[in-house]
Amino acid sequence: MSVVRRAEPSSGSVPPGGGEAAHAVSGGVVRAHPRDVLLGAQAASAALPVCDHYSGAPARMLKSLQLQAQMTEEFGACVFDVTLDCEDGAPVGDEAAHAVLVAALVRDAAPAARVGVRVHPVDHPAFANDMATIAGEAGHRLTHIMLPKVESVDDVLRAEKALQGTSAAHLPLQVLIESPAAVHRAFEIAAHPRVQSLSFGLMDFVSAHGGAIPASAMASAGQFTHPLVVRAKLEIASACHAHGKVPSHCVVTEFSDMVAMQAAASRAAREFGYTRMWSIHPAQIRPILEAFGPTQDDIDVASKIIAAAADADWAPISFEGALHDRASFRYYWQVLERAHSTGRSLPAAVCPWFTPSVSLCP
């Protein structure tokens, strides 16, 4: 049996957080929310679903939004984002009509939908119209704008200026890093306050090397072994974690190979420090949720430690013969947040902190 106790006397309870941050956890006692106590400069400032699903063809965009609504009902929380694609989804010469269609789909999405849009690069002739049409007409329903082929902070500033000319000046930018020069500037790009997440564009990155990287490095296995690709992935993940942003892993193009998909997602999450991943086919969504979610054993241990830490007013505790303090409390709280974001059931001891998603509670 686990033994949980204070490792040393508490110097006093932590004052409860204000507003919605305070929760009655047990016995009517109001405690500070773990997020307020534990998450500071050394934790990501943005909490995003672990899967970002891309679609660009009209029928597939509509089906993606329908699937998101169905899985939100199934899990009791929105477990993946939908990003509607203008860059690769718009037929050449028909970019303006595609932007109008995307804006309409965003406006008509379900109330609980999480929908972003990938616009054209800032130097593309369609960029200004994308921003004016989509952010201008549907910005109030968008969660983010995905900005492709970002080379420097100057591109971020240009996109930010375009947003300021619409009613969606508040929108965060997610950024695609797709070239060696962009990888070199990843820390500077991640530091910009408007940037919420960095994604790695594998295929464009490999192509940018003029044949110096073999095509096998774009495959599900090769992308984890070629030194230049591995270095780029690690730089992007490190830049994100340094600045409290979300690192989003690249696609697996072998969308019918679920074994390859599961292996790539697991390596991205366990070995490369990524907390989010792209999906390009509906069949990839659940494997990503599985790979990026904690195991039930991890959830159970994290729940016991966090519940005990709250009872100790966040003073150090002893759990199964090991000392835990706020450094490890932060880690275990983030395990629970990841469990919640991937639709896992949460033990009753910690479930009140995640309401109103009560359907995830026993």
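A.B. asks: Tell me about the overall build of the protein, and name the residues and values.
C.D. replies: The number of helices and strands found in the protein is 13 helices and 13 strands. Considering the protein as a whole, with its 362 residues, one finds that 54% of them fall into the buried category. A separation threshold of at least 6 residues defines the contact pool for the protein, and within that pool the share at least 24 residues apart is 70%. Approximately 15500 Å² of the protein is accessible, and the part contributed by carbon and sulfur atoms is 56%.

A.B. asks: Account for helix 12 (residues 296-311), with residues named and values stated.
C.D. replies: In this model helix 12 runs 23 Å from its N-terminal to its C-terminal C-alpha over 16 residues, within 8% of the 22 Å that 1.5 Å per residue would give. Among the residues of helix 12, Ile299, Ala302, Ser303, Ile305, Ile306, Ala307, Ala308, Ala309 and Ala310 are the ones counted as buried.

A.B. asks: Lay out the pairing of strand 10 (residues 246-249) with the relevant residues and their values.
C.D. replies: Residue alternation in strand 10 divides its side chains into two sets, Val246 and Ser248 and Pro247 and His249, and both sets are buried. Pairing analysis gives three bridges linking strand 9 (residues 195-200) to strand 10, with the strands arranged parallel. What sits directly across from Ser199, in strand 10, is Ser248. Inspection of the sheet shows strand 10 paired to strand 11 (residues 276-279) by two bridges, in the parallel sense. Across the sheet, the residue bridging to Ser248 is Arg276, located in strand 11. Chirality of the crossover, the property in question, places the unit of strand 10, helix 10 (residues 258-270) and strand 11 among those that are right-handed.

A.B. asks: So what about helix 11 (residues 285-292)? Which residues, and what values?
C.D. replies: Of all eight residues making up helix 11, six are buried, and the element is well covered by its neighbours. Regarding helix 11, the residues found buried are Ile285, Pro287, Ile288, Leu289, Ala291 and Phe292. The secondary structure elements touched by the buried residues of helix 11 are strand 4 (51-55), helix 2 (58-75), strand 5 (80-85), helix 10, strand 11 and helix 13 (326-341).

A.B. asks: Could you give an account of the environment of Ala159, naming the residues involved and the relevant values?
C.D. replies: For Ala159, the location among the structural elements is in helix 5 (residues 153-164). For Ala159 and Val122, which are 37 residues apart along the polypeptide, the C-alpha to C-alpha distance reads 6.8 Å. Among residues more than four places away in sequence, those in contact with Ala159 are Val122, Phe127, Met131, Leu147 and Leu173.

A.B. asks: Please provide a residue-by-residue account of the packing of aromatic side chains, values included.
C.D. replies: Applying the stated rule across the entire model yields seven aromatic pairs. With a centroid separation of 6.0 Å and an interplanar angle of 85 degrees, the aromatic rings of Trp333 and Trp353 are classed as edge-to-face. Here Trp333, found in helix 13, pairs with Trp353, found in the segment after helix 13; they are 20 residues apart in sequence, far enough to count as distant. Relative accessible area serves as the criterion here: at 1%, Trp333 is assigned to the buried category. Residue classification places Trp353 among the buried positions, given a relative accessible area of 4%. The structure contains a cluster of three or more aromatic residues connected by ring pairs, namely Trp333, Trp353 and Phe354. Across the ring face of Phe224, the terminal group of Lys233 is positioned such that the distance to the ring centre comes to 3.7 Å.

A.B. asks: Please give an account of the sheet that holds strand 4 that cites residues and values.
C.D. replies: Judged by pairing direction, the barrel is parallel, and its eight strands sit side by side in the order 4-5-6-7-8-9-10-11 before closing back on the first. Here the average twist between neighbouring strands, direction ignored, is 25 degrees. Contacts from helix 11 reach strand 4, strand 5 and strand 11, with the element oriented near 170 degrees to strand 11.

Criteria and thresholds
- Residues numbered from 1 in each chain as written.
- Predicted model: local features only at pLDDT ≥ 70, side-chain atom pairs only at ≥ 80, totals over all residues.
- Heavy atoms only, no water.
- Helix = DSSP H or I, 4+ residues; strand = E, 2+ residues; numbered from the N terminus.
- Buried < 20%, exposed > 50% of the residue type's maximum accessible area, 1.4 Å probe, protein only.
- Contact = heavy atoms within 4.5 Å.
- Areas by Shrake-Rupley, 256 points an atom, 1.4 Å probe, with all protein chains shown as cover.
- Expected span 1.5 Å × (residues − 1).
- Pairing = 2+ DSSP bridges.
- Right-handed = clockwise from strand over helix to strand, strands pointing away.
- Phe/Tyr/Trp six-rings, centres within 6.5 Å; stacked < 30°, edge-to-face > 60°.
- Lys NZ or Arg CZ within 6 Å of the ring centre and 35° of its normal.
- Axes fitted to C-alpha atoms, helices over the stretch in contact; angles between N-to-C directions.

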